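As a plain string of letters, each chain reads:
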Amino acid sequence: MNIQKNSKDKIGFQKLIAFLGILLFIGKIVAWKLTNSDAVFSDAMESIVNVISAFMGLYSLYLAAKPKDEDHPYGHGKVEFVTSGIEGALIAMAGIMIIYEGIDSLIVGKVLNKLDIGIWIIAATAIINYLLGYISINKGKKENSHVLISSGKHLQSDTITTLGVVISLIIVYFTKIYWLDSVVALIFGIYIIFVGYKIVRKSLSGIMDEQDPELLNQIIKILEANRQIEWIDVHNMKIQQFGSSLHIDAHITLPWYYPLRDAHKEMEKMIVLLAKKINRSIEFNFHMDDCKPISCSICQIKDCPVREKEFVKKVQWTPENVTNVEKHSLE
């Protein structure tokens, strides 16, 4: 995988998101001026968050693409988690703002104008937002970009809010019950806060190197499916994520009597296997452990010349024992 080309593609797509975000914001402002709807105004204010988030995401992708240096030996990928966390906070703030505007409208009351034109404008922005969000999420998953995924979720959550505004405008247009506009805004304001919370939670887990169960299971399945009898045990595995890149630490237990060159070849086999099977840039820090007498119970080497104990059974590698500091025997 060409990492530099991958970074350029992500940055180029994020530029598109930022540019369209500005156009959609202008469209919503026009709709607000025409309709005098507080719900439309709240939706337009949320679009400001879209624009700010898009440019923050653009900056983070640019920074994450920079090579490692003396001050950042693991690269700059963590910035993606930081910016997406700020984006999540901005989304939650937009939800609070929507709720505030909805309550204000219920108390003060307003008459809406030119709802037919406003409905068509807002509906068009909803369709564009959803499609752009869908593409962004899929591209983010394909290229392991937390920024593109969070941007896509933000755009799609904005779509749901916008659809709520469209529905309320249609109902008000036919019924003239103006307070319904504010009630719908309140409901979707609460939803937006929840979406923002989830993005912040995901970002904090990345910053704090919280274990990713799905990724860990993927790695364990690869190792189990291609397991060599010389690989007596794998333990003390840790995984760090830096943007779309990974750093994997692990200990591999090998026969103690292996010459250093042979032991290193076995370790290289495991590293090459994971590098080929996982479509991400990976930095490995593997440590070789020599087997102990206690390891005999799980060692599958039948013709071992120095076996001290009987083989009991093969131990399945699981998230629990692979991440343990040391795991040489049956329990």
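Here the structure is a predicted model, which means the values were calculated and not measured.

What counts and what doesn't
Residues numbered from 1 in each chain as written. Predicted model: local features only at pLDDT ≥ 70, side-chain atom pairs only at ≥ 80, totals over all residues. Heavy atoms only, no water. Core = buried A, V, L, I, M, F, W, Y, C linked by side-chain atoms within 4.5 Å. Buried < 20%, exposed > 50% of the residue type's maximum accessible area, 1.4 Å probe, protein only. Helix = DSSP H or I, 4+ residues; strand = E, 2+ residues; numbered from the N terminus. Contact = heavy atoms within 4.5 Å. Pairing = 2+ DSSP bridges. Right-handed = clockwise from strand over helix to strand, strands pointing away. Phe/Tyr/Trp six-rings, centres within 6.5 Å; stacked < 30°, edge-to-face > 60°. Lys NZ or Arg CZ within 6 Å of the ring centre and 35° of its normal. Patch = residues over 30% accessible without salt bridge, like charges linked within 9 Å, V, L, I, M, F, W, Y side chains within 5 Å. Areas by Shrake-Rupley, 256 points an atom, 1.4 Å probe, with all protein chains shown as cover. Salt bridge = Lys/Arg side-chain N within 4 Å of Asp/Glu carboxyl O. pLDDT = per-residue confidence, 0-100.

Engineer: If you had to explain the nonpolar core to someone new, which residues and values would you point to?
Structural biologist: Membership of the largest hydrophobic core comes to 26 residues, with the highest contact counts inside it found for Ile219, Leu223, Met237, Ile239 and Phe286. For this core, the elements supplying multiple residues, two or more each, are α7 (213–225), β1 (233–242), β2 (245–254), α8 (260–277) and β3 (282–290). Non-local contacts of leucine 223, meaning those with residues more than four positions away in its chain, are made with Met237, Met270, Leu273, Leu274 and Trp317.

Engineer: A description of the pairing of β3 should follow, citing residues and the corresponding values.
Structural biologist: Here β2 runs beside β3; their pairing, made up of nine bridges, is parallel. Looking at the pairing, alanine 250 lines up with phenylalanine 286 of β3. Following the chain from β2 across α8 to the adjacent parallel β3, one finds a crossover that is right-handed.

Engineer: I'd like to hear about the packing of aromatic side chains, residue by residue, with values.
Structural biologist: In this structure the tally under the stated criterion is four aromatic pairs. Both rings, one in phenylalanine 284 and one in phenylalanine 286, keep their centres 5.5 Å apart while their planes meet at 85°; by these two values the pair is edge-to-face. Residue classification places phenylalanine 286 among the buried positions, given a relative accessible area of 11%. An aromatic cluster is defined as three or more aromatic residues linked by ring pairs; in this entry it consists of Trp256, Tyr257 and Tyr258. A cation over an aromatic ring shows up here: lysine 176 above the ring of tyrosine 173, its NZ or CZ 5.5 Å from the ring centre.

Engineer: Could you give an account of a nonpolar patch on the surface, with specific residues and numbers?
Structural biologist: A cluster of nonpolar side chains, Phe19, Ile22, Leu23, Ile26, Val30 and Phe55, forms an exposed patch at the surface whose accessible area comes to about 540 Å². With five residues, the single largest contributor to the nonpolar patch is helix α1 (residues 3–35). Inspection of the secondary structure puts leucine 23 in helix α1. Residue classification places leucine 23 among the partly exposed positions, given a relative accessible area of 43%.

Engineer: With reference to specific residues and values, describe the pattern of salt bridges.
Structural biologist: Taken as a whole and judged by the stated rule, the model has five salt bridges. Here arginine 227 and glutamate 224 are joined by a salt bridge, their closest N and O atoms 3.1 Å apart. On the accessibility criterion, arginine 227 (14% relative accessible area) is buried. You can call glutamate 224 buried: its relative accessible area is 17%. In this structure, a network of salt bridges that share partners links the residues Glu224, Arg227 and Lys314.

Engineer: Account for the environment of leucine 115, naming residues and giving values.
Structural biologist: Tracing the backbone through its elements, the reader meets leucine 115 in helix α4 (residues 115–143). Residue leucine 115 is classed as buried on the basis of its relative accessible area, which comes to 6%. Residues leucine 115 and tryptophan 32 lie 83 residues apart in sequence; the distance between their C-alpha atoms is 9.8 Å. When residues no more than four places from it in sequence are discounted, the contact partners of leucine 115 are Thr35, Leu169, Val172 and Tyr173.

Engineer: I'd like a rundown of the confidence of the model for the protein chain, residues and numbers included.
Structural biologist: Confidence in the prediction for the protein chain averages 81 pLDDT; 86% of positions are at 70 or higher. For the protein chain, per-element mean pLDDT is lowest for helix α2 (residues 38–64), which scores 73, and highest for α8, which scores 91.

Engineer: So what's going on with unusual backbone geometry? Residues and values would help.
Structural biologist: Trans is the common state for peptide bonds, and a negative phi is the common state for residues other than glycine. Phi angles above zero are rare outside glycine, and asparagine 36 is one such case at about 65°. Counting through the fold element by element, asparagine 36 comes out in the loop between α1 and α2. Within the chain, asparagine 236 stands out as a residue other than glycine whose phi angle is a positive 55°. As for its placement among the helices and strands, asparagine 236 is situated in strand β1.

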